[in-house]
Amino acid sequence: MNFKEDSFMIALALTVAAFVTAQALFFLIRAIKRAKKLGISKEKIKSTIVSSGLFTVAPAIGIVATVLTLSAGLGYVLPWIRLTVGNISYEVTAATNAVEVYGLTGGIANEITDPTVFATVAWVMTLGSIMPLVLIPIFLKKIQGKIAKTTSKNSKWSSVMSAAAFIGLISAFVARAIAGSGNKAIIGDGAGVLSLAALVFSIILMLVFQKLSTLNKMKWLESFAMPFAMIGAMALVML
């Protein structure tokens with residue numbers, strides 16, 4: 001067993017998973033008790049729990065796919081820990097940026113054997129995700145106040161600002177896929193065949209799934225469109 005999957009790492013992963021599970025159960029139990037006090041029927045409570053549970057399947061598929069993506073370079077345990085408490089897009093970006101600082105080509109697509117590089121990636125992924133917990137309580141009220149003043153004069157600004165922020169985020173990922181560099185010794189690695197194929201194919205799949213989800217018998221596909229598109233694009237790249 002190497003340093004990525006040693007007993008300490010596995011114990012740490014189990015501890016994090018147990019804490020998150022306990023937290024979810026704590027709020028679930030409190031929610032059920034509160035619902036009963038409000039006079040909500042047991043049938044309604046049960047149906048809500050079942051529907052909510054089914055709704056989590058789609059995001060879970062995307063999370064598993066991201067764990068598999070990160071596992072090529074980081075093993076399974078660290079991505080498991082990070083994705084238990086982290087965000088799909090952030091974790092991949094943070095890990096890739098940390099690896100590239102060391103000048104390693106191919107990013108997280110290649111196995112990381114240096115403990116120093118591995119530790120750096122773990123710290124970057126962890127510390128970066130802590131910052132919102134610090135910044136939001138301090139600056140959120142001020143930011144919301146500024147936005148409220150702007151949007152109160154023209155309500156359309158709210159939609160424009162939200163769309164601009166989202167497009168900017170997506171553009172950063174798209175530009176990285178197109179302009180990034182990989183291992184030149186591997187045909188199609190980095191920017192070029194693999195990254196562009198994954199980008200284009202995932203877009204096409206997403207459009208197809210969204211179109212199919214408009215059909216009466218395919219409504220269920222709406223929640224699964226994104227993870228299915230991700231998995232399809234990953235399958236193409238693997239082939």
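Here the structure is shown first, and the text comes after it.
Report on the accompanying structure. (Residues numbered from 1 in each chain as written. Predicted model: local features only at pLDDT ≥ 70, side-chain atom pairs only at ≥ 80, totals over all residues. Heavy atoms only, no water.)

### Description of the overall build of the protein
Then, in step 1: Along the backbone of the protein there are 9 helices and 0 strands.
Then, in step 2: The order of helices and strands in the protein, counted from the N terminus, is α-α-α-α-α-α-α-α-α.
Then, in step 3: By residue count, 22% of the 239 residues in the protein fall in the buried class.
Then, in step 4: Contacts in the protein between residues at least 24 apart in sequence constitute 60% of all its contacts with a sequence separation of at least 6.
Then, in step 5: Entry remark: accessible area of the protein is about 16000 Å², with carbon and sulfur atoms responsible for 72%. (Helix = DSSP H or I, 4+ residues; strand = E, 2+ residues; numbered from the N terminus. Buried < 20%, exposed > 50% of the residue type's maximum accessible area, 1.4 Å probe, protein only. Contact = heavy atoms within 4.5 Å. Areas by Shrake-Rupley, 256 points an atom, 1.4 Å probe, with all protein chains shown as cover.)

### Section: the pattern of salt bridges
Then, in step 1: In the structure shown here, the tally under the stated rule is 1 salt bridge.
Then, in step 2: A salt bridge links Arg82 to Glu91, with the shortest nitrogen-to-oxygen separation between them at 3.0 Å.
Then, in step 3: Note on Arg82: relative accessible area 6%, which makes it buried.
Then, in step 4: Under the relative-accessibility criterion, Glu91 is labelled buried at 0%. (Salt bridge = Lys/Arg side-chain N within 4 Å of Asp/Glu carboxyl O.)

### So, the nonpolar core
Then, in step 1: One finds Leu70, Leu74, Leu78, Ala95, Ile112, Val121 and Met125 to be the most contacted residues of the largest nonpolar core, which totals 21 residues.
Then, in step 2: Broken down by secondary-structure element, the contributors of at least two residues to this core are helix H1 (7-37), helix H3 (57-74), helix H4 (77-85), helix H5 (88-101) and helix H6 (115-153).
Then, in step 3: Broken down by element, this core gets its largest block of residues, 5 residues, from H6.
Then, in step 4: Ignoring any residue separated from it by four or fewer positions in sequence, one finds Leu70 in contact with Gly75, Pro79, Leu83, Glu91, Val92, Ala95, Ile108 and Met125.
Then, in step 5: In terms of nonpolar packing, the next biggest core, distinct from the first, is built from 6 residues, Phe209, Phe224, Ala225 and Ala229 among them. (Core = buried A, V, L, I, M, F, W, Y, C linked by side-chain atoms within 4.5 Å.)

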